[in-house]
Amino acid sequence: MFQSGIMLPQLEAGPVPPLPAEVYAERRRRFMEQIGPNAAALFVAAPVAVRSNDVEYAYRPDNDLLYLTGFPEPECACLLLPGHPEHEYVLFVRPFDSERQVWVGSHAGVEGAIRDYGAHRAFPIHQIDQVVGELVSSRDELYYRFGRDFEWNQRVVGWMRQWQQLRPRAGTGPVVLRDPATILHEMRLRKAPVELERMRKAAQIAAAGHIRALTEVRPGMYEFEVEALLDSTFRRLGATGPAYPSIVASGPNATVLHYTHNNRALAAGELLLIDAGAEYGFYCSDITRTFPVSDRFTAAQRELYQLVLAAQKAAISAVRPGARYDEPHRRAVEVLVDGLIHLGLLKGSREENIEQERYRKFFMHRTSHWLGMDVHDVGQYKQGQEMRCLEPGFVLTVEPGLYVREDCSEVPQEFRGLGIRIEDDVLVTDSGHEVLTALVPKEVSDIEAIRREAVTT
Ligand code: GLY
Ligand code: MN
Ligand code: MN
């Protein structure tokens, strides 16, 4: 506990407990039930990405494949065959290779795919072209998501061409390609209790990082030192690391929405915007806080900060089942526009500013996105022409902001170069909402109390 009464979340470090095999089996069962027995579905691993020459980026598995199988290795494909009497769930994996084990460690191989990941049948990945035809030949449809992997796309197109040619004589074979996202991403959007457990932990770990930054930042530190503090907190508490490149933006850098250079020295009197989330067990958090590098906000900083905070609270209070997805955004915009008119940064009425979107000069992004295995998580925001309604189990961010560029000559000098965003992760519950990231202070009085303690000790 700090003098200011702020608590760091009490978190146990340690490896992420695996999800039980039944969780994956149940997801596959629900997915297969929806695609039906005339379809097959193929999910492929994300490609390995080269960083430079012969060095690769740390491997991050594809979330659709992970969600259905838990299989974390590259060069993998999962084929689902609903209703197949012997093997509804087939994995294609890198075969076990003792030489590879020497260099990169253990990997499941064909036996491990069956033994550890529950596949009913498994093949070495290089055999997929030989066996896929027979496995799917009685199906009419193939669910496959054309994606970032050009080679897989080409391969599937090649199979489709073969099936087209064979079908007149064979009598069967896939003729339709469908996007599994319409079903699978709807499933991913609704978080189950085991997923919420991980999301809560991801939120708490990120909260710990933000609280440490809030209490340890001093004028003169570099943005990358703050980033290092976040990284080390995340890793020590069991996160894989940041869920996306952390934004540590001081002074005017905070007006750059996706600023990631993180190489400027923090100056007294300026604000620091930190947008950083942790990834824990493949689930993300996404938090933004903005606070003074010194011990208090200047008058102009405080005016804008309180406006963003009021907008964020109004937006969060709109999160409940049945509310439209864009209702929090609408509420945030109303509060921001009223405040900007009051401060003289916008002229005219609320209605005309909203109608003509004049506020976009200072608030140019949306208020919310889905959050889950991806930081900008999957799932439709609209259904047809209509914004969809929120449902229990959805998790979304609420993150209004105001950004006044340094060269914005039509506003008073004291507002120029200020960038403020406040972002929390919000779960839709049966009765309303739960803020998963509520541990991180955001009230002006709390922030100033912590900063006073920080810069004087
Ligand atoms: N950190 C990315 C976002 O807030 O959407
Ligand atoms: Mn966000
Ligand atoms: Mn963010």
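To keep things clear, this report deals only with the structure shown in the data block. (Residues numbered from 1 in each chain as written. Chains lettered and ligands numbered in written order. Predicted model: local features only at pLDDT ≥ 70, side-chain atom pairs only at ≥ 80, totals over all residues. Heavy atoms only, no water.)

### Details of the sheet that holds strand 4 (residues 77-80)
1) Next: With mixed pairing, the six strands of this open sheet are ordered in space as 6-5-4-1-7-8. Each edge of the open sheet carries a strand with a single partner, namely strand 6 (121-124) and strand 8 (176-178). Across the sheet, the mean angle separating the axes of adjacent strands is 20° when strand polarity is ignored.
2) Next: With four bridges connecting them, strand 5 (residues 89-93) and strand 6 associate as parallel partners. (Pairing = 2+ DSSP bridges. Helix = DSSP H or I, 4+ residues; strand = E, 2+ residues; numbered from the N terminus. Axes fitted to C-alpha atoms, helices over the stretch in contact; angles between N-to-C directions.)

### A closer look at the pattern of salt bridges
1) Next: A complete count under the given rule lists 37 salt bridges for this structure.
2) Next: Residue Arg188 is joined to Asp64 by a salt bridge in which the shortest nitrogen-to-oxygen separation is 2.6 Å. Residue Arg188 is found in helix 7 (residues 181-189), and its partner Asp64 is found in helix 2 (residues 63-69); the two are separated by 124 residues along the sequence.
3) Next: Taking the relative accessible area as the measure of exposure, Arg188 reaches 3% and is therefore buried.
4) Next: Residue Arg264 is joined to Glu270 by a salt bridge in which the shortest nitrogen-to-oxygen separation is 2.8 Å. (Salt bridge = Lys/Arg side-chain N within 4 Å of Asp/Glu carboxyl O. Buried < 20%, exposed > 50% of the residue type's maximum accessible area, 1.4 Å probe, protein only.)

### Section: the site of ligand 1
1) Next: Lining the immediate environment of ligand 1, one finds Tyr244, Asp275, Asp286, His369, His376, Glu399 and Glu423.
2) Next: Between ligand 1 and Asp275 there is a distance of 3.1 Å, counted from a nitrogen atom to a side-chain nitrogen or oxygen.
3) Next: In the environment of ligand 1, an oxygen atom lies 3.0 Å from a nitrogen or oxygen atom belonging to the side chain of Glu399.
4) Next: Here ligand 1 loses 89% of its free accessible area of 200 Å² to cover by the protein chains.
5) Next: Its residues assigned to classes, the shell around ligand 1 shows one nonpolar, two polar and four charged. (Near = heavy atom within 4 Å. Polar contact = N/O pair within 3.5 Å; in protein donor to acceptor, adjacent residues only side chain to side chain. Areas by Shrake-Rupley, 256 points an atom, 1.4 Å probe, with all protein chains shown as cover. Nonpolar A, V, L, I, M, F, W, Y, C, P; charged D, E, K, R; others polar.)

### Considering the coordination of the manganese ion (ligand 2)
1) Next: Coordination of the manganese ion (ligand 2) by the protein is provided by Asp286 (OD), His369 (NE2), Glu399 (OE) and Glu423 (OE), with metal-donor distances spanning 2.0 to 2.2 Å.
2) Next: For the manganese ion (ligand 2), the six donor atoms in the first shell make angles of 51 to 155° at the metal, so the coordination geometry reads as irregular.
3) Next: Taken in sequence order, the residues that donate to the manganese ion (ligand 2) follow the motif D-x82-H-x29-E-x23-E.
4) Next: Residue His369 is classed as buried on the basis of its relative accessible area, which comes to 10%.
5) Next: By relative accessible area, Glu399 is classed as buried at 8%. (Donors = N, O, S within 2.8 Å, 3.2 Å for Na, K, Ca; no water. Tetrahedral: all angles 85-135°; square planar, octahedral: opposite > 155°, others 65-115°.)

### So, unusual backbone geometry
1) Next: Here the phi dihedral of Phe282 falls at roughly 75°; this positive angle occurs in a residue that is not glycine.
2) Next: Note on placement: Phe282 falls in the loop between strand 12 (278-280) and strand 13 (283-284).

### Some thoughts on the coordination of the manganese ion (ligand 3)
Octahedral six-donor coordination of a metal ideally yields angles of 90 or 180 degrees, compared with 109.5 degrees for tetrahedral four-donor coordination.
1) Next: Protein-derived coordination of the manganese ion (ligand 3) comes from Asp275 (OD), Asp275 (OD), Asp286 (OD) and Glu423 (OE), at a distance range of 2.0 to 2.4 Å.
2) Next: Because the angles between the six donor atoms bound to the manganese ion (ligand 3) fall within 57 to 169°, the donor set is best described as irregular.
3) Next: A distance of 3.3 Å spans the gap from the manganese ion (ligand 3) to the manganese ion (ligand 2), which Asp286 bridges by coordinating each metal. In this pair, Asp286 sits in the loop between strand 13 and strand 14 (287-292) while Glu423 sits in the loop between strand 19 (418-421) and strand 20 (424-428), placing the two residues 137 residues apart along the sequence. Of the two residues, Asp286 and Glu423, both sit in the buried class.

### Structural notes on a nonpolar patch on the surface
1) Next: Taken together, the side chains of Val102, Trp103 and Val104 present a nonpolar region at the surface, about 420 Å² in accessible area.
2) Next: With respect to the helices and strands, Trp103 occurs in helix 3 (residues 98-104).
3) Next: Under the relative-accessibility criterion, Trp103 is labelled exposed at 69%. (Patch = residues over 30% accessible without salt bridge, like charges linked within 9 Å, V, L, I, M, F, W, Y side chains within 5 Å.)

### Details of the packing of helix 8 (residues 193-216) against helix 9 (residues 223-236)
1) Next: Where helix 8 meets helix 9, the axes come as close as 9 Å, and the angle between the chain directions of the two elements is 145°. Regarding helix 8 and helix 9, the two cross each other, and that crossing is right-handed. In contact with Ile205, Ala206, Ala208, Gly209, His210, Arg212, Ala213 and Glu216 of helix 8, helix 9 contributes Val226, Leu229, Leu230, Ser232, Thr233, Phe234 and Arg236.
2) Next: A breakdown of the residues in the contact of helix 8 with helix 9 according to their chemical character gives eight nonpolar, four polar and three charged. (Left-handed = near helix turned anticlockwise from the far one by under 90°. Contact = heavy atoms within 4.5 Å.)

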